[in-house]
Amino acid sequence: QVVSDEETLRLEAQSEMEKENWMCTLQDLAKHQAEAKVARKMGYLSKRRMGLEERRKEAERRKAEVLKTCAAGGMRHTATAMMNRS
């Protein structure tokens, strides 16, 4: 008998050996699925981290570019940034 959160799977085996074979196979599959899920999650998180880092670098580049063009401007930087957002 295998029980999950919402469902129960009941298998009947002809012999104890067949039962053990089914149980080992199901446990191996469950372990493999859990490992695959962890690997997918790690891949997703690393891609997300890389994307966030790229966006941060791009924002820094744009900020440096704007600050370079209006170094003595004060509020001109704010006005330029607000105009670019619309």
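One structure accompanies this document, and this report is about it.

What counts, and where the lines are drawn
Residues numbered from 1 in each chain as written. Predicted model: local features only at pLDDT ≥ 70, side-chain atom pairs only at ≥ 80, totals over all residues. Heavy atoms only, no water. Helix = DSSP H or I, 4+ residues; strand = E, 2+ residues; numbered from the N terminus. Buried < 20%, exposed > 50% of the residue type's maximum accessible area, 1.4 Å probe, protein only. Areas by Shrake-Rupley, 256 points an atom, 1.4 Å probe, with all protein chains shown as cover. Patch = residues over 30% accessible without salt bridge, like charges linked within 9 Å, V, L, I, M, F, W, Y side chains within 5 Å. Salt bridge = Lys/Arg side-chain N within 4 Å of Asp/Glu carboxyl O. Contact = heavy atoms within 4.5 Å.

Here we come to the overall build of the protein chain. Helix and strand content of the protein chain: two helices and two strands. N-terminal to C-terminal, the α/β element order of the protein chain is β-β-α-α. Taking all 86 residues of the protein chain together, 2% fall into the buried category. Just so you have it, the protein chain exposes about 8,400 Å², and 56% of that area is on carbon and sulfur atoms.

On the surface, a cluster of nonpolar side chains totalling about 300 Å² of accessible area is made up of Leu9, Leu11 and Trp22. Relative to the assigned elements, Leu9 resides in strand E2 (residues 8-9).

This paragraph deals with the pattern of salt bridges. Any two side chains of opposite charge can pair, so long as their charged atoms come close to each other. Within the structure shown, the criterion is met by five salt bridges. Here Lys19 and Glu16 are joined by a salt bridge, their closest N and O atoms 3.8 Å apart. Of the two residues, Lys19 and Glu16 both sit in helix H1 (residues 16-69), three residues apart, roughly one turn of that helix. Residue classification places Lys19 among the partly exposed positions, given a relative accessible area of 41%. Relative accessible area serves as the criterion here: at 52%, Glu16 is assigned to the exposed category. Where Arg61 meets Glu58, a salt bridge forms, and the shortest distance between an N and an O atom there is 2.4 Å. Note that Arg61 and Glu58 are positioned in helix H1 at a spacing of three residues, about one turn of the helix.

Another point: the environment of Leu11. Relative to the helices and strands, Leu11 resides in the loop between E2 and H1. Each C-alpha atom, one on Leu11 and one on Trp22, is 8.8 Å from the other, the two residues being 11 residues apart in sequence. Not counting residues within four places of it along the chain, the set of residues in contact with Leu11 comprises Trp22 and Leu26.

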